[in-house]
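Summary of the model geometry
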Amino acid sequence: MKRKLGAPFLSPQSRPPPAPSAKSEIMKVVNLKQAILQAWKERWSDYQWAINMKKFFPKGATWDILNLADALLEQAMIGPSPNPLILSYLKYAISSQMVSYSSVLTAISKFDDFSRDLCVQALLDIMDMFCDRLSCHGKAEECIGLCRALLSALHWLLRCTAASAERLREGLEAGTPAAGEKQLAMCLQRLEKTLSSTKNRALLHIAKLEEASLHTSQGLGQGGTRANQPTASWTAIEHSLLKLGEILANLSNPQLRSQAEQCGTLIRSIPTMLSVHAEQMHKTGFPTVHAVILLEGTMNLTGETQSLVEQLTMVKRMQHIPTPLFVLEIWKACFVGLIESPEGTEELKWTAFTFLKIPQVLVKLKKYSHGDKDFTEDVNCAFEFLLKLTPLLDKADQRCNCDCTNFLLQECGKQGLLSEASVNNLMTKRKADREHAPQQKSGENANIQPNIQLILRAEPTVTNILKTMDADHSKSPEGLLGVLGHMLSGKSLDLLLAAAAATGKLKSFARKFINLNEFTTYGSEESTKPASVRALLFDISFLMLCHVAQTYGSEVILSESRSGAEVPFFETWMQTCMPEEGKILNPDHPCFRPDSTKVESLVALLNNSSEMKLVQMKWHEACLSISAAILEILNAWENGVLAFESIQKITDNIKGKVCSLAVCAVAWLVAHVRMLGLDEREKSLQMIRQLAGPLFSENTLQFYNERVVIMNSILERMCADVLQQTATQIKFPSTGVDTMPYWNLLPPKRPIKEVLTDIFAKVLEKGWVDSRSIHIFDTLLHMGGVYWFCNNLIKELLKETRKEHTLRAVELLYSIFCLDMQQVTLVLLGHILPGLLTDSSKWHSLMDPPGTALAKLAVWCALSSYSSHKGQASTRQKKRHREDIEDYISLFPLDDVQPSKLMRLLSSNEDDANVLSSPSF
């Protein structure tokens, strides 16, 4: 049944039967070529061509059987340059998986006219579409066919490279090397890209083994000639490689020669692949739960417990995680966080998170379970699993200098998460395991109380301090000063703050100290002793609030905005004058330029007095005036009016009584240094050095050493950004603990895109995200922006070709995107996905398995953003300035009067906001 070239397609009634004869098979090939020619004549678009082809040809025969790829390439390569329209049909067929990779590679390897540069370039571009993501679906024979096709394609690439090198050599002799060099560079680039994939080299190795097996079976008389035997053999590959090496030996371009040698090394390594041990991807349970816990414990201790509960519940339902394994993963993440947390504040924060906050989280998770008894049994089962992870528990015990599991079981028992019998049973099992553990206590730390014990004691102390702070400050200021003085000793302050943060009391804690600070700004008709007490209360409360803002975020300090209410002094100063990460201050801002008469009197006081006066001192005015005073003093020093000895006296006066003045002075100096040229910074930095050093004098107020320790910690954090930007070093008095453990983690002089891809590759290989990686991702998100960050990580996801790797990548990416889920979702749904779906040149990257993985990631992100939008944004997400990407309300409207399409799709239970949907993926 033959059709003329211009005739319409056959109707369904006239289609060939499902089991065609040999003659009808020939007719199909003829019809296939005629259909391609008709499409070219009528200038069909690629998708029109695909639709019509599927209408015309029967469903029983696959396109590979009809040799569609071969037919398209044959028609496209007739002329001196490739036919772009027919090539677009082939590219569409590849992207829509009409043809297999093996058929395309086999068709490419048949082309041998390497003198046609444009045709060769077009074939190389087609290989570029999929050579790093080769896969096949079907029977084992089809998988072997892909290996053979890749071997043929490698042989073709080597022949093409050798021909280009030969032309380059001839061109050099004739004085026209440009064309040959360009084509050689393209061939080598494709060779390197193909061979750099371990998966591709493994496929080539399989093809080599298959060839050897075939020869062996034929030699033993067990088989005849195999159909579709590959045209290329490993011997042909070796001969082509040898020939290429001879041609390139005299090549003058060292870069191309080095690239060729590297490709040769990779090819020669293929036969020995099985003898090289390859790292397997580690299976670590449920990395999303692990990463969410690490993220919250490392960066969001002050976050609301309910928000964390809802996020964890959503992850549990999205990934269909059984409750015992879910709880086990939470405990595993907590112990890992404890083990890898840096010594100091971070260790205390992790301890409070594990032993105070997580038990409260599990109590709330009970409400999402079907019954208390079932959940208690699940928690007991999780602990049974946890006790089998003896190395993890031993490492945690060694780090914390105590039996961590014992304390955890006690807390769970108190919260009703475990029965008393279960607690005793689990304690007995762990005690038996610990007898075989290595000795944990050394002579030095045997008498040191574990942080876990201190944190658990600090929790009720926080409640008592809050009650004390509620009393009238004017009645017993000395008693209040004694309480605050004890809080400053050792690590008491950090213990109390960590306990308050983990139990949701930190905001109330900060509010009490803001009220105290406001109360002590001014005192009338006071004598020397009450003035000293007032100065100390102001100073200690000011330093504590600065420390809280730097450690837990300024959002903890800020009060709810009330119209007509007067803003406390510290809130005003913190918002306008305090340097923070990502906040640039203007040193000429009006907040740094108060009343000139107050500035003049303060300058005179600092320059002429032997020490700072305390009686009837308005400390809030002094703090606001110190910046202008420092500017006057700095100008006088730079113009030679004041000598260095006078500067030392002035800085000693500033920090001699109250450390808060030094903090305010350095805050302005940091903003000032940013605006100065390289040769103008010396005196400003020298003044910061003078203010940071302690004052060795007997005439200081109480708790001076303790206050100086906190002051230096505050100053070090304040100056970190500007010191890095100006390549300056200031040595702050050390307390023996790194006050900024996650600062400056990015390697110097490396593009941030390289850092991002490297750290994601390491995380994917490990199978879980650690605390350091989380901070690096957060820094890169700040530096590159949400679109850059999300777009490059999605590109990494689309590079994956193995199903298990794409699933792991989705789980990890979801947890990384939790750094700012709402903004990432806006970028993903509003920009990145539309760009991929509307650009036909990118469709090939959306094939399975990465395409399905991206769809799953998009749905997960949308669900999480919708859920969190109905609640309250976390403090971690509030810290980041929202980028003006698109109208947020249009995607997530604040009311349900006209819900968006996304809301209609995602809402499964609008009646009860507490019931989370359980999507099936």
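All values derive from a computational prediction rather than experimental measurement. (Residues numbered from 1 in each chain as written. Predicted model: local features only at pLDDT ≥ 70, side-chain atom pairs only at ≥ 80, totals over all residues. Heavy atoms only, no water.)

A short note on the overall build of the protein chain
Of the regular secondary structure elements, the protein chain holds 40 helices and zero strands. Within the span of the protein chain, comprising 921 residues, buried residues form 53% of the whole. Relative to all contacts within the protein chain whose residues are 6 or more apart in sequence, the contacts with residues 24 or more apart total 79%. For the protein chain, the exposed surface amounts to about 42200 Å²; the carbon and sulfur share of it is 53%. (Helix = DSSP H or I, 4+ residues; strand = E, 2+ residues; numbered from the N terminus. Buried < 20%, exposed > 50% of the residue type's maximum accessible area, 1.4 Å probe, protein only. Contact = heavy atoms within 4.5 Å. Areas by Shrake-Rupley, 256 points an atom, 1.4 Å probe, with all protein chains shown as cover.)

Considerations on the nonpolar core
Within the largest apolar cluster, 209 residues are counted, with the highest numbers of intra-cluster contacts made by Trp-573 and Phe-817. Top contributing element to this core by residue count: helix α24 (residues 528–552), with 15 residues. Discounting residues that sit within four places of it in the chain, Phe-817 has contacts with Phe-789, Cys-790, Leu-793, Ile-794, Val-824, Leu-857 and Cys-861. Ala-50, Ala-71, Leu-244 and Ile-267 belong to the second-largest nonpolar core, a separate cluster that totals 83 residues. (Core = buried A, V, L, I, M, F, W, Y, C linked by side-chain atoms within 4.5 Å.)

Let's talk about the state of the cysteines
Applying the stated criterion to the full structure yields zero disulfides. The cysteine Cys-623 is free of any disulfide, with Cys-664 supplying the nearest cysteine sulfur at 3.7 Å. Cysteine Cys-818 is unpaired, with the sulfur of Cys-861 as its nearest cysteine sulfur at 7.8 Å. (Disulfide = S-S within 2.5 Å.)

Description of the environment of Phe-644
Among the secondary structure elements, Phe-644 is positioned in helix α28 (residues 644–656). Separated by 43 residues in the primary sequence, Phe-644 and Met-687 have C-alpha atoms spaced 9.8 Å apart. Residues in contact with Phe-644, not counting those within four places in the same chain, are Trp-637, Gln-686 and Gln-690.

Observations concerning helix α19 (residues 420–434)
With 15 residues, α19 extends 21 Å between its outermost C-alpha atoms, agreeing within 8% with the 21 Å of an ideal straight helix rising 1.5 Å per residue. Where α19 is concerned, the buried positions are Ser-422, Val-423, Leu-426 and Arg-430. All buried residues of α19 fall inside an arc of 95° around its axis, so they share one side. For α19, exposure combined with an orientation more than 90 degrees from the buried face picks out Glu-420, Ala-421, Thr-428 and Lys-431. (Expected span 1.5 Å × (residues − 1). Arc of directions from axis to C-beta.)

As for the packing of aromatic side chains
This model, assessed by the stated rule, comprises 17 aromatic pairs. Ring plane angle 35° and centroid distance 5.4 Å describe the contact between Trp-331 and Phe-383, whose orientation is recorded as tilted. Of this pair, Trp-331 sits in helix α14 (residues 323–340) while Phe-383 sits in helix α16 (residues 372–387), placing them 52 residues apart in sequence. For the pair Trp-331 and Phe-383, a shared accessibility class is recorded, and that class is buried. With 6.0 Å between their ring centres and 35° between their planes, Trp-637 and Phe-644 make a pair best called tilted. Residue classification places Trp-637 among the buried residues on the basis of a relative accessible area of 9%. (Phe/Tyr/Trp six-rings, centres within 6.5 Å; stacked < 30°, edge-to-face > 60°.)

Focus on the side chain of Ser-815
Within the secondary structure layout, Ser-815 lies in helix α35 (residues 803–817). Given the relative accessible area of 4%, Ser-815 is considered buried. Apart from residues lying up to four places away in sequence, Ser-815 is in contact with Thr-288, Ala-291, Val-292, Leu-295 and Val-769.

Quick notes on the packing of helix α21 (residues 477–488) against α24
Following both chains from N to C, one finds α21 and α24 inclined at 35°, their axes separated by 10 Å at the closest point. In the packing of α21 onto α24, the handedness of the crossing is left-handed. Counting all contacts with α21, which are made through Pro-477, Glu-478, Leu-480, Leu-481, Leu-484, Met-487 and Leu-488, the residues of α24 involved are Val-533, Leu-536, Leu-537, Ile-540 and Met-544. (Axes fitted to C-alpha atoms, helices over the stretch in contact; angles between N-to-C directions. Left-handed = near helix turned anticlockwise from the far one by under 90°.)

Here's the deal with the confidence of the model for the protein chain
On average, residues of the protein chain score 79 in pLDDT, and 82% of them are at 70 or above. Below a pLDDT of 50 lies the segment residues 1–29, which in the model reaches 34 contacts outside its immediate sequence neighbourhood of four places, other chains included. Contacts for the low-pLDDT stretch residues 277–282, under 50 throughout, to residues beyond four places or in other chains number ten contacts. (pLDDT = per-residue confidence, 0-100.)

Describing the side chain of Thr-351
Tracing the backbone shows Thr-351 in helix α15 (residues 345–365). A distance of 2.7 Å separates a polar side-chain atom of Thr-351 from the backbone oxygen of Glu-347. Ignoring any residue separated from it by four or fewer positions in sequence, one finds Thr-351 in contact with Leu-338, Leu-356, Asn-451, Ile-452 and Ile-455. (Polar contact = N/O pair within 3.5 Å; in protein donor to acceptor, adjacent residues only side chain to side chain.)

Here we look at α28
For the α-helix, the turn length of 3.6 residues means that residues three or four positions removed from each other point alike. Taking 1.5 Å of rise per residue, the 13 residues of α28 would be expected to cover 18 Å, and the 18 Å separating its terminal C-alpha atoms lies within 8% of that figure. Here α28 has its buried residues at Ile-647, Ile-650, Thr-651, Asn-653, Ile-654, Lys-655 and Gly-656. For α28, the secondary structure elements touched by its buried residues are α26 (596–608), α27 (619–638), α29 (659–674), α30 (682–692) and α31 (704–725).

Regarding unusual backbone geometry
Cis geometry is adopted by the peptide bond preceding Pro-849, which originates at Asp-848 and carries an omega value of 5°. For Pro-849, the position within the fold is in the loop between α36 (821–838) and α37 (850–870). The backbone of His-320 shows a phi angle near 55°, a positive value even though the residue is not glycine. Considering the arrangement of structural elements, one finds His-320 in the loop between α13 (305–318) and α14. Positive phi is not limited to glycine here, since Phe-703 has a value of about 55°.

Let's talk about the packing of α26 against α27
Two elements in contact, α26 and α27, have axes separated by 8 Å at closest approach and are oriented at 75°. Taken together, α26 and α27 sit at an angle that is classed as roughly perpendicular. In this structure, α26 contributes Lys-598, Val-599, Leu-602, Val-603 and Leu-606 to the contact, and α27 contributes Glu-621, Ala-622, Ser-625, Ile-626, Ala-628, Ala-629, Glu-632 and Ile-633. For the contact of α26 with α27, the residue count by class is nine nonpolar, one polar and three charged. (Parallel < 35°, antiparallel > 145°, perpendicular 65-115°, else oblique. Nonpolar A, V, L, I, M, F, W, Y, C, P; charged D, E, K, R; others polar.)

Quick word on the pattern of salt bridges
Per the stated rule, a full pass over the model turns up 27 salt bridges. Two residues, Asp-125 and Arg-190, come together in a salt bridge whose shortest N-O distance is 2.8 Å. Here Asp-125 is found in helix α6 (residues 117–128), whereas its partner Arg-190 is found in helix α8 (residues 178–195), with 65 residues between them in sequence. Between Arg-707 and Asp-539 there is a salt bridge; the shortest N-O distance is 2.7 Å. Within this pair, whereas Arg-707 is found in helix α31, its partner Asp-539 is found in helix α24, the two being separated by 168 residues in sequence. In this structure, Arg-707 and Asp-539 share a single accessibility class: buried. (Salt bridge = Lys/Arg side-chain N within 4 Å of Asp/Glu carboxyl O.)

Points about the environment of Thr-106
By the element assignment, Thr-106 lies in helix α5 (residues 101–109). For Thr-106, a relative accessible area of 33% corresponds to the partly exposed category. For the pair Thr-106 and Asp-70, spaced 36 residues apart in sequence, the C-alpha separation works out to 8.0 Å.

Some words on the environment of Pro-460
Positionally, Pro-460 belongs in helix α20 (residues 451–469). For the pair formed by Pro-460 and Ala-499, sequence separation is 39 residues and the distance between their alpha carbons is 8.9 Å.

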